[in-house]
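# Coordinates in review
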Amino acid sequence: RPAGAPAARDAARARARAGARSVLAQERLSVGYALSGLAYCWRTQRHLRVHASVAALAVGLGLLLSLSPVEWAVLAGMITLVTALELLNTVIEAVVDLLAPEYHPGAKVAKDVAAGAVLAAAIGAVFVGGFLFVPRLVTLLAR
């Protein structure tokens, strides 16, 4: 080995550690930005808070009725889908407002379709909730 090999290896390891810290620092920033976006939506979007309340009720009912792991996965998937679409709807509304501050029929279409996507997912979630909860509730109430 050349005389400088251990020093070069130590320097390379130090750079790798610094790079890893840099990646972790960047990830921490990214998570902070995402949490800031969630907080903004929570403060400004009433429907997000309504969806979260309904989701909390569904989770409570799921605990009470002892959902299976697969049923929990379906419920969590629906909650995530509705929440994600609500967040994307907020993004679309903000971008449309930025690009078209005056009324424009195309802007209305974009906003209406985005809201429709949230509504479609929410209706689907209600049906899934019905499939998950109604049979158990009927059995429970028939006792």
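Quick look at the structure, then. (Residues numbered from 1 in each chain as written. Predicted model: local features only at pLDDT ≥ 70, side-chain atom pairs only at ≥ 80, totals over all residues. Heavy atoms only, no water.)

Turning our attention to the overall build of the protein chain. What the protein chain contains, in helices and strands, is four helices and zero strands. Over its C-alpha trace the protein chain gives a radius of gyration of 24 Å, far above what one expects of a compact globule, namely 15 Å for 143 residues. Its C-alpha atoms give the protein chain principal-axis dimensions of about 85 × 55 × 25 Å. Looking at the 143 residues of the protein chain, the share that counts as buried comes to 18%. The long-range share in the protein chain, meaning contacts at least 24 apart out of those at least 6 apart in sequence, stands at 69%. For the protein chain, the accessible surface area stands at approximately 10,100 Å², while carbon and sulfur atoms represent 72% of it. On the protein chain, the mean spot of the 14 positive side-chain charges and the mean spot of the 8 negative ones are 16 Å from each other. (Helix = DSSP H or I, 4+ residues; strand = E, 2+ residues; numbered from the N terminus. Rg over C-alpha atoms; globule rule 2.2 N^0.38 Å. Buried < 20%, exposed > 50% of the residue type's maximum accessible area, 1.4 Å probe, protein only. Contact = heavy atoms within 4.5 Å. Areas by Shrake-Rupley, 256 points an atom, 1.4 Å probe, with all protein chains shown as cover. Lys, Arg positive; Asp, Glu negative; His and termini not counted. Charge placed at Lys NZ, Arg CZ, Asp CG, Glu CD.)

Turning our eyes to something else, we now look at helix α2 (residues 46-64). Over its 19 residues, α2 runs 27 Å from end to end, which matches the ideal 27 Å to within 8%, given 1.5 Å per residue. Positive backbone phi, approximately 55°, marks Ser 66, located one or two places after α2. (Expected span 1.5 Å × (residues − 1).)

Below, the discussion takes up the pattern of salt bridges. It is possible for side chains of opposite charge to pair when their charged atoms get near one another. Per the counting criterion, the structure on display carries three salt bridges. A salt bridge links Asp 97 to Lys 111; the nearest nitrogen and oxygen atoms lie 2.5 Å apart. With a gap of 14 residues between them, Asp 97 in helix α3 (residues 69-99) and Lys 111 in helix α4 (residues 105-142) connect regions that are remote in the sequence. For Asp 97, a relative accessible area of 40% gives the class partly exposed. Assessed through its relative accessible area of 26%, Lys 111 is described here as partly exposed. (Salt bridge = Lys/Arg side-chain N within 4 Å of Asp/Glu carboxyl O.)

The next point concerns the packing of α2 against α3. Put simply, α2 and α3 touch, their axes get as near as 10 Å, and they point 175° apart. In terms of orientation, α2 lies roughly antiparallel with respect to α3. In this structure, α2 uses His 47, Leu 48, His 51, Ala 55, Ala 58, Val 59, Gly 62 and Leu 63 to contact α3, whose residues at the interface are Trp 72, Leu 75, Ile 79, Val 82, Thr 83, Glu 86 and Leu 87. Grouping the constituent residues of the contact of α2 with α3 by class yields ten nonpolar, four polar and one charged. (Axes fitted to C-alpha atoms, helices over the stretch in contact; angles between N-to-C directions. Parallel < 35°, antiparallel > 145°, perpendicular 65-115°, else oblique. Nonpolar A, V, L, I, M, F, W, Y, C, P; charged D, E, K, R; others polar.)

Our focus in this paragraph is the nonpolar core. The biggest cluster of nonpolar side chains holds eight residues, and these are Ala 58, Leu 65, Leu 67, Leu 75, Met 78, Val 128, Leu 132 and Phe 133. The dominant element in this core, judged by the number of residues it contributes, is α4, at three residues. Residues contacting Leu 75, with those up to four places away along its chain left out, are Ala 58, Val 59, Leu 67, Leu 132 and Phe 133. (Core = buried A, V, L, I, M, F, W, Y, C linked by side-chain atoms within 4.5 Å.)

Another point: the layout of surface pockets. In this model, the largest pocket occupies a volume close to 360 Å³. Along its surface, the largest pocket is lined by 18 residues, and Val 54, Ala 55, Ala 58, Ala 125 and Val 126 are the ones closest to its centre. Sorting the residues of the lining of the largest pocket by element identifies α2, α3 and α4 as the ones contributing at least two each. Among the elements that line the lining of the largest pocket, the one with the most residues is α4, at seven residues. Its residues placed into classes, the lining of the largest pocket shows 14 nonpolar, four polar and no charged. (1 Å grid on protein atoms, 1.4 Å probe; cavity = no way out; pocket = protein on both sides within 12 Å on 5 of 7 lines; lining within 4 Å. Points joined across faces, edges and corners; volume = space filled by probe spheres on them.)

In contact at an axis separation of 9 Å, α3 and α4 are set at 165° when each is read in the N-to-C sense. When the axis of α3 is compared with that of α4, the two are roughly antiparallel. Regarding α3 and α4, the two cross each other, and that crossing is left-handed. Partitioned by chemical class, the residues of the contact of α3 with α4 number 20 nonpolar, two polar and six charged. (Left-handed = near helix turned anticlockwise from the far one by under 90°.)

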